[in-house]
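Residue-level structural notes
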Amino acid sequence: MLKISNLQQVCDALEELGYDVKLRENAVYVAVGGTEKPFVAVLTINDQGELVINCQVAKLGDIREEDIPTVQFCLLDANTRIRPFAFGILTASDDPEYDVAENYPIVLTDSLPLGDLSTAELAAAMDSLLVAVQSSGEALRLGL
């Protein structure tokens, strides 16, 4: 059984699983959550040799300022239901491109160790991402 250890193999495995994917230099982009208005998951490999899956579900600026504490609470609460994924916010410490708070992406994120990663494990992670994307709507609707 092929073990996934690089982005080309991630791309090939996702294509085998029926996903619409694009391979770029440092990332694989994959449509998740439907055909009408899918979310885009970005898969990269970090310095620790992990496959990192991030899927932006909103931007901080999309949430009304007065609703931010409530939405944050709901997203934190949802983290226990959407495991292994978790909600997070990408900031300038993640990427200097995010220099304005209203542009900070709210993402679903997970990481998988490479080296022993199988297509079946990648498929399970993508299934979990779909469940997390579907579950994110309720918490986000409170402040959008």
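Notes on the structure follow.

Here is what the cut-offs are and how they apply
- Along each chain, numbering runs from 1 in the same order as the chain's sequence is written.
- This being a predicted model, a pLDDT of at least 70 is required before a residue's local features are given, and a value of 80 or more before pairs of side-chain atoms are given or counted; all residues contribute to the totals for chains, interfaces and linings.
- Heavy atoms throughout the structure, all of them, feed into the side-chain values; hydrogens and water do not.
- We define a salt bridge as a contact between a side-chain nitrogen of Lys or Arg and a carboxyl oxygen of Asp or Glu at a distance within 4 Å.
- To sort residues, take the accessible area from a 1.4 Å probe on protein chains only and compare it with the maximum for the residue type: under 20% means buried, over 50% means exposed, and anything in between is partly exposed.
- For the purposes of this section, nonpolar cores are sets of buried Ala, Val, Leu, Ile, Met, Phe, Trp, Tyr and Cys residues that join through side-chain atoms within 4.5 Å.
- Put simply, DSSP H or I for four residues or longer makes a helix, DSSP E for two residues or longer makes a strand, and each gets a number counted from the N terminus.
- It only takes one pair of heavy atoms within 4.5 Å for two residues to be counted as in contact.
- Identification of polar contacts relies on pairs of N or O atoms within 3.5 Å, with a donor-acceptor requirement for protein atoms, meaning one able to donate a hydrogen and the other able to accept it, and with residues adjacent in sequence counted only if both atoms are side-chain atoms.

The full count for this structure, using the stated rule, is 5 salt bridges. Note that Arg81 and Asp77 form a salt bridge whose closest N and O atoms lie 3.0 Å from each other. The class of Arg81 is exposed, set by a relative accessible area of 56%. In this structure Asp77 comes out as partly exposed when scored by relative accessible area, which is 38%. When salt bridges that share partners are traced, they join Arg64, Glu66 and Asp67 into one network.

Turning our attention to the nonpolar core. Counting 36 residues, the largest nonpolar core has Leu14, Leu43, Leu51, Ile53, Leu108, Leu122 and Leu129 as its most contacted members. Among the elements that make up this core, the one with the highest residue count is helix α3 (residues 119–141) (7 residues). Setting aside chain neighbours within four positions, we find Leu129 in contact with Val32, Ala41, Ile53, Cys55, Phe85 and Leu108.

To continue, consider the side chain of Gln9. By the secondary structure assignment, Gln9 is in helix α1 (residues 7–16). The buried category is assigned to Gln9, whose relative accessible area is 19%. Separated by 2.6 Å, the side chain of Gln9 and the backbone nitrogen of Ser5 make a polar contact. Each residue touching Gln9, except ones within four places of it in the same chain, is listed here: Leu2, Lys3 and Ile4.

Here we take up the environment of Arg24. Structurally, Arg24 can be placed in the loop between β1 (21–23) and β2 (28–32). Taking C-alpha positions, Arg24 is 23 Å from Asp127, a pair spaced 103 residues apart along the chain.

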